[in-house]
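The lines below spell out each chain.
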Amino acid sequence: MRRSHHCNELSIADEGAEVVLMGWAQRRRDHGGVIFIDLRDRQGITQVVFNPERDARVHEKAHAIRNEYVLAVRGVVEKRPGGMENPALVTGAIEVMVSELKILNRAETPPFMIEDDIEVNENTRLQHRHIDLRRSSLQRNIMMRSRAAAAARRYLDEQGFLDIETPCLTRSTPEGARDFLVPSRLAPGSFYALPQSPQLFKQLLMISGFEKYYQIVRCFRDEDLRADRQPEFTQIDMEMSFVGEQDVMAVSEGLIVEIFKAVLDLEVKAPFDRMTYQEAMDRYGLDRPDTRFGLELCDISDIVADSGFKVFSDAVGKGGIVKALNAKGCAERFTRKEIDDFTDFVAVYRAKGLAWIRVKEDEWQSPITKFFSEEEKKKMAERLDMQPGDLVFFGADKSSIVNEALGHLRIELAKKLGLIDDSIYRFVWITDFPMLEYDETEKRYQALHHPFTSPAEEDMDKLEKDPLSVRSRAYDLVLNGIEIGGGSIRIHQKELQIKVLEALGMSREEYEEKFGFLISALESGAPPHGGIAFGFDRLMAILCGSSSIREVIAFPKTQKGACLMTAAPGPAYRAQLEELGLKAGPVK
RNA sequence: GGGGGCGUAGCUCAGUUUGGUUAGAGCGCCGGCCUGUCACGCCGGAGGUCGCGAGUUCGAGUCUCGUCGCUCCCGCCA
C-alpha cells in the first residue's frame with residue numbers, strides 16, 4: 001500500500017474516492033459491531049470505520065488495534081450519515097470505510113495520553129519525549145519553528161547574506177559565560193571549548209571580505225538553567241560590513257516581519273520604537289521594558305532628599321535613589337496582606353523594604369505619611385498624580401536595586417491587574433547602552449555587551465577618565481518585555497580594540513594571549529562592521545505562546561542539564577579517559 | 001551556592017493538619033456485552049517500594065533528620 005493522502009486532506013469533495021491513509025491509532029471506539037478509529041498523522045485526524053456488514057474479515061482484524069498502533073488503511077471516502085458529522089474535525093464531514101488494514105507496528109500503551117489538555121509531569125514527558133512530541137501542541141510548535149527557520153533563511157538569502165558555518169570545536173575565551181570544555185586526544189591535557197557564540201569567527205569573516213554573513217547556529221554556555229535558558233541554544237546570527245546601527249536594525253526588522261508573516265500570518269509594523277537604555281531604566285526600571293502597558297516608575301529622589309523619613313533621605317544621601325510606582329485606583333484593590341506579599345516579592349531582588357501609601361479622600365493611609373512635610377507631600381502628590389483611590393509603592397536604595405525591584409513589581413502588578421494584552425506584540429529597540437559596568441566582586445570594569453563592541457564616537461575621549469559614562473554602539477531588540485536579540489557595531493581598529501581591552505583591566509600579555517589572533521586580523525584591513533544575534537528559542541516561545549523554551553525545543557534538557565531520555569551526561573569508560581589523558585571519576 | 005513548590009496506581013490527584021483496621025477517586029489498561037461513536041456506553045477485573053534511606057513510636061503515606069529527582073526564582077548568565 002502506498003499513502004495517497006494525509007489525515008487532514010479529505011473532504012466531501014473526495015466522496016467515493018479510494019484512498020490510502022497511514023498513521024497512528026489515536027483512539028478506538030468499539031461498538032461490538034462497528035469500530036471507529038481516529039487515525040492521526042502529523043497533519044490531522046481522519047475517522048476510519050470498520051463495519052462487519054461491509055467487510056467481516058477486515059472488521060475482525062481491527063479488534064486487535066490499540067492506541068498508538070501504526071496503521072495503513074485502504075478504503076473509500078464516504079459522506080457521514082446525516083447528523084453524524086463532527087464539526088470539531090476538519091475532516092468531520094467524511095469518514096473512510098476500510099476495506100484493507102495493515103498493522104504496520106504494534107505499540108505498548110503509552111505512559112500518558114497523546115492529548116493536549118492532559119497535564120503530565122515534565123519529567124515523565126521528558127523521559128518519553130518521543131511520545132510527548134506526538135501531542136499536537138508540540139507538533140505545532142516544532143512545525144512553526146521549522147517555518148520560522150525557513151523564512152529566516154529565505155529572507156537573509158534574498159538580502160544577499162551568505163550562510164557560513166563556523167567551528168564547534170574552538171578555543172576557550174574566558175570572558176562572559178563559563179565554557180563547555182572538550183578534551184583533546186591528539187593534544188593530551190589541552191581542551192577545545194564549545195562556542196558561546198560565533199562572535200569572533202563572524203568578525204573574521206567580515207575581515208575576509210564576505211560582507212554579509214548569517215547562520216542559524218547552536219551556542220553553548222555552561223551556566224545554570226532557567227525557563228528561558230538552556231545550556232545549548234540556537235541563535236539567528238548575522239554580521240555585515242560597511243554598516244551602521246541603522247542598517248543592522250533595518251535588516252533585523254525585515255527579518256522579524258518575515259518570520260511573523262510566515263509563522264503567524266501577521267503583519268508586524270516596522271520600523272520598531274526606539275528607546276535609550278537610560279530612558280528604559282528611568283521609566284521601566286529594566287533594560288528590557290514591557291511597553292504593552294503604562295504603570296511607569298517615577299523618580300522622587302530630589303523631593304525626599306532631606307525628608308524626615310530616614311530610609312528615603314539616607315538612600316539619597318548615599319548616592320542612591322527613591323522611585324515610586326502609582327497603581328491608579330488600587331487603594332482598595334489589595335489587602336494589607338497582599339501588600340505585605342509585594343514586600344516579599346521585591347525582597348527577592350534584594351530590596352530591603354517596600355513603602356506604600358493608600359490615597360484616601362482626606363488623608364494618606366500609610367505608616368510613613370507622618371514623616372513627610374506638607375511641602376514634600378504636595379510635591380509628591382503633584383509629580384505622582386496621586387488621586388484619591390490610588391495606591392503608591394516606593395523603593396529606596398542603590399539605583400540598581402530600586403530599578404530591578406520596582407521594574408519587576410511593575411510587571412507583577414500588571415499581571416494581577418490584567419493590564420497585559422497578550423494578543424499584541426510590542427517591539428522596542430534599546431540603544432545607547434553603557435559600555436562598561438563595575439564588577440564589585442572582581443573589582444574591575446566589565447563589558448556590558450562584549451569587549452568587541454565599539455564605544456560611541458562622541459564618548460571616545462572619556463574611555464580613560466570616566467569609563468562608566470561611555471556609551472556603546474550596542475542595541476537590543478525587546479519584544480513584550482523579553483530580550484530577543486542583541487548586537488552592536490564592532491571595533492574594527494586595532495588601537496581602539498587594545499584601548500578597550502586595557503580599560504577592562506587586561507595586561508598586554510593577557511590580551512595578546514587571548515585575543516592576539518583578532519588583534520592581528522584587525523591590522524590586516526578590517527572593514528567597519530556590525531551585527532546582531534537573535535535568540536531563536538526565545539523568539540519561538542513567544543510566537544508559540546509558550547512560557548518555557550523547552551516547549552519549542554525537540555529534546556530539551558532539565559534544569560540540572562540532564563537529558564532524561566538518553567541519561568546524558570553519564571560516566572565515561574576508563575579507556576576513553578585514558579586516551580584523553582584524563583583522570584576523573586566516576587568511571588565505568 | 002541560596003530560597004519557594006512538587007514527589008502516593010501507567011497518568012492526574014485526594015489522604016499528611018490531629019500517626020491507628022485491608023491506602024482511595026477519575027482517566028488509562030485488561031476481559032465481557034454493545035452496529036453510528038467521536039471524552040462512546042454498560043458490567044467486571046487487575047494494578048501500590050506512598051521518590052529513596054535512617055530515626056522516633058506498640059504502630060509512620062502522615063512526625064524528625066538526611067538524600068535524590070523535577071520545577072520556579074535569586075546568584076550566575078547577554
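The shown structure was predicted, so the numbers you read here are calculated from the model rather than taken from an experiment.

Some words on the overall build of chain A
1) Next: Helix and strand counts for chain A come out as 17 helices and 22 strands.
2) Next: Overall, the C-alpha framework of chain A stretches about 95 × 75 × 50 Å when taken along its three principal axes.
3) Next: A burial count over chain A gives 48% of its 588 residues as buried.
4) Next: Relative to all contacts within chain A whose residues are 6 or more apart in sequence, the contacts with residues 24 or more apart total 67%.

Some points on the environment of D157
1) Next: In this fold, D157 is placed in helix 4 (residues 136-158).
2) Next: We classify D157 as exposed; its relative accessible area is 52%.

Concerning a negative patch on the surface
1) Next: On the surface, a cluster of negative charge is contributed by D157, E158, D163 and E165.
2) Next: Position of E158 among the secondary structure elements: in helix 4.

A word on the sheet that holds strand 5 (residues 94-105)
Strand pairs in the sheet, formed through backbone hydrogen bonds, run parallel or antiparallel to each other.
1) Next: Around the barrel, five strands lie side by side as 1-2-3-5-4; this closed barrel has mixed pairing. Strand-to-strand twist in this sheet, taken as the mean axis angle between neighbours without regard to direction, amounts to 55 degrees.
2) Next: Bridging between strand 3 (residues 45-50) and strand 5 involves two bridges; their strand directions are parallel. Note that in strand 5 the partner of V48 across the bridge is V96.

Comments concerning the sheet that holds strand 11 (residues 273-276)
1) Next: An order of 6-9-10-22-21-20-17-11 is seen for the eight strands of this open sheet, with the pairing classed as mixed. Only two strands of the sheet have a single neighbouring strand rather than two, namely strand 6 (162-163) and strand 11.
2) Next: In this sheet, strand 22 (residues 529-535) lies alongside strand 10 (residues 232-241) in antiparallel orientation, the contact comprising seven bridges. For M238, the partnering residue across the bridge sits in strand 22 and is I532.
3) Next: In the packing of helix 5 (residues 199-207) onto the sheet, contacts are made with strand 9 (212-220), strand 10 and strand 22, and the angle to strand 10 comes to roughly 20 degrees.

Concerning the confidence of the model for chain A
1) Next: Scored by pLDDT, chain A has a mean of 94; 99% of the residues are at 70 or more.
2) Next: ipTM for the predicted complex: 0.92, alongside a pTM of 0.95.

Focus: unusual backbone geometry
1) Next: With omega at 0 degrees, the peptide bond leading from A270 into P271 counts as cis.
2) Next: Tracing the chain through its elements places P271 in the loop between helix 6 (245-264) and strand 11.
3) Next: Omega for the bond connecting A568 with P569 falls within 30 degrees of zero, at 0 degrees, which places this linkage in the cis form.
4) Next: Mapped onto the secondary structure, P569 falls in the loop between helix 16 (536-544) and helix 17 (574-580).
5) Next: Of note in the backbone geometry, E68 takes a positive phi value of approximately 70 degrees without being a glycine.
6) Next: Relative to the assigned elements, E68 resides in the loop between helix 1 (56-62) and strand 4 (70-79).

What about the environment of R471?
1) Next: One can find R471 in the loop between helix 13 (462-465) and strand 20 (474-479).
2) Next: When the C-alpha atoms of R471 and R154 are compared, they prove to be 35 Å apart, with 317 residues separating the residues in sequence.
3) Next: Excluding anything up to four places from it in sequence, R471 contacts D432, F433, P434, M435, P455, A456, E458 and D459.

Digging into the packing of helix 4 against helix 6
1) Next: Between helix 4 and helix 6, whose axes approach to 9 Å, the crossing angle comes to 140 degrees. Taken together, helix 4 and helix 6 sit at an angle that is classed as oblique. As helix 4 runs across helix 6, the sense of the crossing is right-handed. Contacts between helix 4 and helix 6 involve M144, R147, A148, A151, A152, R154, Y155 and L156 from the former and A250, V251, G254, L255, E258, I259, A262, V263 and L264 from the latter.
2) Next: Class assignment of the residues belonging to the contact of helix 4 with helix 6 gives a composition of 13 nonpolar, one polar and three charged.

Thoughts on the nonpolar core
1) Next: Ranked by size, the top nonpolar core spans 43 residues in total, and within it L156, I236, M238, L255, I256, I259 and F427 carry the most contacts.
2) Next: Examining the composition of this core, we find that nine residues originate from one element, helix 6, more than from any other.
3) Next: Not counting residues up to four positions away in its chain, the partners in contact with I236 are A152, L156, Q215, I216, L255, I259, I532, A533, F534 and F536.
4) Next: Counting residues in hydrophobic clusters, the runner-up holds 26 residues, among them A327, I339, L406 and I411.

Calculation notes
Numbering of residues starts from 1 in each chain and follows the order in which that chain's sequence is written. As a convention, the first chain written is A and the first ligand written is 1, with the rest following in written order. Whole-chain, interface and lining totals are the exception, using all residues; otherwise, since this is a predicted model, local features are given only for residues with pLDDT of at least 70 and side-chain atom pairs are given and counted only at 80 or more. The side-chain quantities take in all heavy atoms of the structure and omit both hydrogens and water. Secondary structure elements follow DSSP: runs of H or I of four or more residues count as helices, runs of E of two or more count as strands, with numbering from the N terminus. Burial classes: relative accessible area under 20% of the type maximum marks a residue as buried, over 50% as exposed, and values in between as partly exposed (1.4 Å probe, protein chains only). It only takes one pair of heavy atoms within 4.5 Å for two residues to be counted as in contact. Like charges are joined within 9 Å and nonpolar side chains (Val, Leu, Ile, Met, Phe, Trp, Tyr) within 5 Å, but only among residues with over 30% relative accessible area and no salt bridge; these make up the patches. Using a 1.4 Å probe, accessible areas were evaluated by the Shrake-Rupley method; residue-level cover was limited to the displayed protein chains. We define a salt bridge as a side-chain nitrogen of Lys or Arg found within 4 Å of a carboxyl oxygen belonging to Asp or Glu. Here the positive residues are Lys and Arg and the negative ones are Asp and Glu; neither His nor the chain ends is included. One atom stands in for each charge, and that atom is NZ of Lys, CZ of Arg, CG of Asp or CD of Glu. Strand pairing is defined by DSSP finding a minimum of two bridges between the two strands. Interaxial angle, 0 to 180 degrees, is taken between N-to-C directions of lines fitted to C-alpha atoms, where a helix line uses only the stretch in contact. Per-residue confidence from the prediction method is given by pLDDT, with values spanning 0 to 100. In this scheme, roughly parallel covers angles under 35 degrees and roughly antiparallel covers those over 145, while 65 to 115 is roughly perpendicular and the rest are oblique. Here a crossing is called left-handed whenever its near helix is offset anticlockwise from the far helix by less than a right angle, and right-handed whenever the offset is clockwise. When residues are grouped by polarity, Ala, Val, Leu, Ile, Met, Phe, Trp, Tyr, Cys and Pro land in nonpolar, Asp, Glu, Lys and Arg in charged, and all others, Gly among them, in polar. Here the nonpolar core consists of buried residues drawn from Ala, Val, Leu, Ile, Met, Phe, Trp, Tyr and Cys, with membership extended through side-chain atoms lying within 4.5 Å.

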